[in-house]
Amino acid sequence: MGSHRNGFNKESFILSVDVGTTSIRCHVVPLYPEVGHVEMDPEAIWEGFITVVKGAVQDAGVHMRQIEALGISTQRGTFTTWDRRDEGALLLHQTETVAGSKSSRLLPQHVTFRLVWALTHYKQVRQAATKGNCCFGTIDTWLLFKLTKGQVHATDYSNASATGMFDAFQVYDFGYTDPSIFGLPIPIMSVIADQQAAMFGECCFDVGDVKITMGTGTFMDINTGNKPHTSSAGLYPLVGWKIGSEVVYLAEGNAADTGTAIKWAQELELFSDVQETSDMAYSVSDSDGVCFVPSFNGLQAPLNDPKACASLMGLKPSTTKSHLVRAILESVAFRNKQLYDTTLRETHIPITKIRVDGGVSSNNFVMQLTADLFGRKVSRPHHYEMSCLGAAFVAGLGVGYWRSREELKKLQRADDAFLPKGVPNGSASSPSREYIPVIQSWEKALRRSMNWYKP
């Protein structure tokens, strides 16, 4: 973002760290100790955090004393526990997240249920909780505890609203959970979450602004203003951010398997370099009737079926790798379309703009098909890592480095714009009719994949 603002050289800086599900920028890789488990070592996250902070400051050629503020963007759905008396000694030597495991088909993915699971399965956690010594928190809580040498045990509204322990409709009701839930009282998480940070980084400050992040999974968020949205189809009400007395809410829908599906295809050697996939998809006129259902971790909104399975249907002797790749990429755009239609149908909020980020957004085939299916322009920033940028924006506003959100909008660079076919100015239009029969076939495959696993 540079050290020049309003023509003056400002010798102070904002430091932002994105602690993601599978990486810290730059990187800490999760441990996958056995099939069905997704675990990360909290100490490794802490050590990686310190390493990248020092490395980033050194590489920038500045000094730590010049840093005015630290912004942290973190994964939301992962927790750990530690003993408050023993300098943060871990009660669980791994963070717990059930996404990707077989159990995730049975349990909701809220942190609440994972905490119940930890209390049930780990004697040391329950003993510490009974004695009042158990600290529990998401990754931001853990990092703040370590950064302050045990003085701060906290989280922010955006992370809290994604835990299932915080009532987004009653913003200030948070702290101790109802003892009847767990059988004992536990102090729960007395910084900005990754998807909310990406929303802020995309400058989606106005009601009706939409941000889509396509990474490991897809997250579609719409700014609903000062009111949380009540959903019947699985959209989740979140606190986007709270700055001063202003609280901004989002409604979020997600699809769990986006980058996951593409990575799976790469491991099957359908392609060697992910950058090849767009050209492979364009090399054939269609998928030859092949449909892929991206459901390694169930189906989320609007279908909400944790027992759905991933599947490939419609295979023929004529099916090639390019057909398979096209079917997989199409499925990503089809899930985008489902989330988009659900958002429109439920919120009744006119959509003002759509901005897309995340690693999968670099795929031109997915971007163009998404624009065609939406029937309107979608924009992709040149800078994909919006979570990190959003954390920097929030931290910078907090210390007065930037004075207003309008100033942040002026920092945005030109985007890549994807216009729906036949709509030269990108204004809203009817979605491409070319894909109607393809989507109908895909939805048939979707229905056959549902309720596959037994409870």
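Structure report, in brief. Remember, predicted model here, so these are calculated numbers, not experimental data.

**A look at the overall build of the chain**
Secondary structure assignment for the chain yields 14 helices and 19 strands. Looking at the chain as a whole, 55% of its 455 residues qualify as buried. Here the chain displays about 20400 Å² of accessible surface, and carbon together with sulfur accounts for 53% of that area.

**Section: helix 11 (residues 364–374)**
Judged by how many residues are buried, helix 11 sits mostly within the fold: 10 of 11 residues are covered. Among the residues of helix 11, Phe365, Val366, Met367, Gln368, Leu369, Thr370, Ala371, Asp372, Leu373 and Phe374 are the ones counted as buried. Where helix 11 starts, the residue carrying a side-chain oxygen 3.1 Å from the main-chain nitrogen of Phe365 turns out to be Asn363. Count one or two residues on from helix 11 and you reach Gly375, which has phi positive near 75°.

**Structural notes on unusual backbone geometry**
Put simply, Ala301 and Pro302 share a cis peptide bond, and its omega is 5°. Structurally, Pro302 can be placed in the loop between strand 15 (291–293) and strand 16 (311–313). The phi dihedral of Glu269 falls on the positive side, at around 65°, and the residue is not glycine. Looking at where Glu269 falls in the secondary structure, it is placed in the loop between helix 8 (259–267) and helix 9 (277–282). Classification of Glu269 as exposed rests on a relative accessible area of 60%. For His348, which is not glycine, the phi torsion reads 55° and is therefore positive. Summarising the element assignment, His348 is placed in the loop between helix 10 (321–347) and strand 17 (353–357). Judged by relative accessible area, which is 66%, His348 ranks as exposed.

**Thoughts on the packing of helix 7 (residues 194–201) against helix 12 (residues 386–398)**
The contact between helix 7 and helix 12 brings their axes to 6 Å, and the two run at 75°. Judged by the angle between their axes, helix 7 and helix 12 are roughly perpendicular. Contacts between helix 7 and helix 12 pair Asp194, Ala197, Ala198, Phe200 and Gly201 from the former with Met386, Ser387, Leu389, Gly390, Ala391, Phe393, Val394 and Leu397 from the latter. A class-by-class count of the residues in the contact of helix 7 with helix 12 yields 9 nonpolar, 3 polar and 1 charged.

**Things to note about the side chain of Thr213**
Mapped onto the fold, Thr213 is located in strand 11 (residues 209–214). Of note is the side chain of Thr213, whose polar atom sits 3.0 Å from the side chain of Lys211. Side-chain polar atoms of Thr213 contact the side chain of Asp357, separated by 2.7 Å.

**Let's talk about the packing of aromatic side chains**
All told, the structure shown has 15 aromatic pairs when counted by the stated rule. Their ring planes at 50° and their centres at 6.3 Å tell us that Phe292 and Phe296 sit as a pair that is tilted. Of the residues examined, Phe296 reaches a relative accessible area of 25% and is grouped as partly exposed. An aromatic cluster is present here, built from Trp82, Trp142 and Phe145 joined pairwise through their rings.

**Some remarks on helix 14 (residues 436–449)**
With 14 residues, helix 14 extends 20 Å from end C-alpha to end C-alpha; this agrees with the ideal 20 Å at 1.5 Å per step. Of the residues making up helix 14, those classed as buried are Ile439, Trp442, Ala445, Leu446 and Ser449. End-on view of helix 14: buried residues confined to an arc of 115°, all on one side of the axis. Residues of helix 14 that are exposed and point over 90 degrees away from its buried face: Arg447 and Arg448. Taken together, the buried residues of helix 14 touch strand 15, strand 16, helix 10 and helix 11. Note on helix 14: the residue one or two positions beyond its end, Asn451, has a positive phi of about 55°.

About the cut-offs
Residues numbered from 1 in each chain as written. Predicted model: local features only at pLDDT ≥ 70, side-chain atom pairs only at ≥ 80, totals over all residues. Heavy atoms only, no water. Helix = DSSP H or I, 4+ residues; strand = E, 2+ residues; numbered from the N terminus. Buried < 20%, exposed > 50% of the residue type's maximum accessible area, 1.4 Å probe, protein only. Areas by Shrake-Rupley, 256 points an atom, 1.4 Å probe, with all protein chains shown as cover. Polar contact = N/O pair within 3.5 Å; in protein donor to acceptor, adjacent residues only side chain to side chain. Axes fitted to C-alpha atoms, helices over the stretch in contact; angles between N-to-C directions. Parallel < 35°, antiparallel > 145°, perpendicular 65-115°, else oblique. Contact = heavy atoms within 4.5 Å. Nonpolar A, V, L, I, M, F, W, Y, C, P; charged D, E, K, R; others polar. Phe/Tyr/Trp six-rings, centres within 6.5 Å; stacked < 30°, edge-to-face > 60°. Expected span 1.5 Å × (residues − 1). Arc of directions from axis to C-beta.

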